[in-house]
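Chain by chain, the residues run as shown.
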Amino acid sequence: KHDEHEQEHGTDPHIWTSPENVKTISRTISNALSDKYPENATLFKNNLEKFICRIDSLDFHIRNEFADTSSNTFMIFHPALGYYARDYHLEQLSIEFEGKSPSPAHMKKMVDAANANNIKTVFVQSQFETSKAKAVAKEIGAEVVSIDPLAENWFNEMYTLTAKMK
């Protein structure tokens, strides 16, 4: 089995879907800014602490939402939630395969996996063509739900994503 942080075609670039990763990124940025502008180091540190508190609240919310979830498997067209899945002990099934539109054999594999896991939702991003996701959803009697991991308001999208995943 390949590393959970890797897609079939390489490393998963969607690092911002993990609140834990965003905390690390934020600390790195704050430290770099403090090194460059030491006269503002206190401001950067205070802002970082406030931001980390918001992220911790988000993380607590997400963990609480999934605490009583019996199924931990979800289906998505483009594998954009690998880090989110890792953080919250979920399994991401991707319709897209090796960065390409899925073959008929892979589509069948996904239909079988969806049926085995009683999946009734297929997540799609507006940035991707969705006909294959709609075909899988129709085959398994699921609804297609749009998400936007690239949304400008990261906090809002993470809360919205969690509600849709739940």
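My aim in this report is to walk through the structure given alongside it, one point at a time. As the structure is a computational prediction, the values presented were derived from the model and not from experiment.

Each value, and the rule that gives it
- Residues numbered from 1 in each chain as written.
- Predicted model: local features only at pLDDT ≥ 70, side-chain atom pairs only at ≥ 80, totals over all residues.
- Heavy atoms only, no water.
- Helix = DSSP H or I, 4+ residues; strand = E, 2+ residues; numbered from the N terminus.
- Contact = heavy atoms within 4.5 Å.
- Salt bridge = Lys/Arg side-chain N within 4 Å of Asp/Glu carboxyl O.
- Buried < 20%, exposed > 50% of the residue type's maximum accessible area, 1.4 Å probe, protein only.

**Overview of the side chain of D87**
Piece 1. Turning to its location among the elements, D87 is positioned in helix α3 (residues 82–87).
Piece 2. In contact with D87, other than residues within four places in its own chain, are S18, P19, E20 and R63.

**What to know about the pattern of salt bridges**
Piece 1. Taken as a whole and judged by the stated rule, the model has seven salt bridges.
Piece 2. Ionic pairing is found between K23 and D56, a salt bridge with its closest N-O pair at 2.7 Å. Note that K23 is positioned in helix α1 (residues 19–36) and D56 in helix α2 (residues 41–66), a separation of 33 residues in sequence.
Piece 3. Of the residues examined, K23 reaches a relative accessible area of 10% and is grouped as buried.
Piece 4. K166 is the salt-bridge partner of D68, the closest N and O atoms lying 2.7 Å from each other. Taken together, the residues span a long stretch of sequence, with D68 in the loop between α2 and β3 (73–76) and K166 in the segment after α6 (154–165) at a distance of 98 residues.
Piece 5. For D68, a relative accessible area of 61% corresponds to the exposed category.
Piece 6. Through salt bridges that share partners, E20, K23 and D56 make up one connected network.

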